[in-house]
Amino acid sequence: MKKSIAIDMDQVLADFYSKLRVTYNDNFGTKFTDEEFLLTTQRDLPREDAKKLFALLNEPDYFRDLKVLDNDAIEVIQDLQEHYEIYIATAAMDVPGSFTAKYDWLMEHLPFIKTQNIVFCGNKAVIHTDYLIDDSPRQLAAFKGTGILYSMPYNRSEEGFMRVHNWKEIKQYFIKQMEIV
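As the structure is a prediction and not an experimental result, all values here were calculated from the model.

(A) Representation of the packing of helix 1 (residues 16-28) against helix 3 (residues 47-57) in the model. With their axes 11 Å apart at the nearest point, helix 1 and helix 3 run at an angle of 130° to one another. Put simply, helix 1 runs oblique to helix 3. In terms of crossing hand, the pair formed by helix 1 and helix 3 is right-handed. Contacts between helix 1 and helix 3 involve F16, L20, T23, Y24, N27 and F28 on the former and, on the latter, D49, K52, L53, L56 and L57. Looking at side-chain class alone, the contact of helix 1 with helix 3 contains 7 nonpolar, 2 polar and 2 charged residues.

(B) Local environment of the pattern of salt bridges. Throughout the structure, instances matching the rule amount to 10 salt bridges. Note that D8 and K124 form a salt bridge whose closest N and O atoms lie 2.9 Å from each other. Of the two residues, D8 sits in the loop between strand 1 (3-7) and helix 1 while K124 sits in the loop between strand 3 (118-120) and strand 4 (131-134), which places them 116 residues apart along the sequence. Using a relative accessible area of 5% as the deciding quantity, one classes D8 as buried. As a salt-bridge pair, D10 and K102 come within 2.7 Å of each other at their nearest N and O atoms. With D10 in the loop between strand 1 and helix 1 and K102 in helix 5 (residues 99-109), the pair connects residues that are 92 residues apart, well separated along the chain. With a relative accessible area of 14%, D10 lands in the buried category. Several salt bridges share partner residues, and in doing so they unite D8, K124 and D134 into one network.

Conventions adopted
Counting restarts for each chain: residues are numbered from 1 in the order of the written sequence. pLDDT decides what is reported in this predicted model: residues at 70 or higher carry local features, side-chain atom pairs at 80 or more are listed and counted, and totals for whole chains, interfaces and linings draw on all residues regardless. The basis for the side-chain values is all heavy atoms of the structure; hydrogens and waters are excluded. Axes here refer to lines fitted to C-alpha atoms; in helices the fit is confined to the stretch in contact. Angles between the N-to-C directions go from 0 to 180 degrees. Secondary structure is summarised from DSSP: a helix means a run of H or I of at least four residues, a strand means a run of E of at least two, and numbering begins at the N terminus for each. By the definition adopted for this analysis, an angle is roughly parallel if under 35 degrees, roughly antiparallel if over 145, roughly perpendicular if from 65 to 115, and oblique otherwise. Each crossing is labelled by how the near helix is turned from the far one, with a counterclockwise turn of less than a right angle marking it left-handed and a clockwise turn marking it right-handed. Two residues form a contact once any of their heavy atoms are found within 4.5 Å. In this classification, the charged set is Asp, Glu, Lys and Arg, the nonpolar set is Ala, Val, Leu, Ile, Met, Phe, Trp, Tyr, Cys and Pro, and all remaining amino acids, among them Gly, are polar. The working definition used for a salt bridge is a side-chain nitrogen of Lys or Arg within 4 Å of a carboxyl oxygen of Asp or Glu. Type-normalised accessible area, obtained with a 1.4 Å probe on protein chains alone, sets the label of each residue: buried when under 20%, exposed when over 50%, and partly exposed for intermediate values.

All we've got here are geometric facts, nothing functional implied.
Structure below.
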């Protein structure tokens, strides 16, 4: 029986923050660079601005044209799929208008993933895989298996999780796990 890996979509597979930065700059008069934006939080927006941003993110195609975050991701996932059951677990409940666009993105970039292995959820505590690769410490803390933190500037100070910086490191980690068994 294969062990299983759940993989987050936004900021692990798809470059959500680059598009969000452009959206944010265009709509709120800021001039953030990618690096600056990754270090800020949008949770402190005034209520009306937060509503506007939420509406923009809920546009039906907003998530459709995101770029792949790391060029090695697709190949590594294909390689891992030979030894692990792969799931995509994305917290789409936060932005319910994103379902179709996220699904279309996954079908374009990861057509080899079984559609029944795509999970749209909120809290990833419902995910019962052996591993979860995610950029959110909050999601990893709720997860019952082995959490792997995909490193981003905004989670730099987080401790308590195994940390990876790119998909080559992910591949190395899982190769070692196969050798241990």
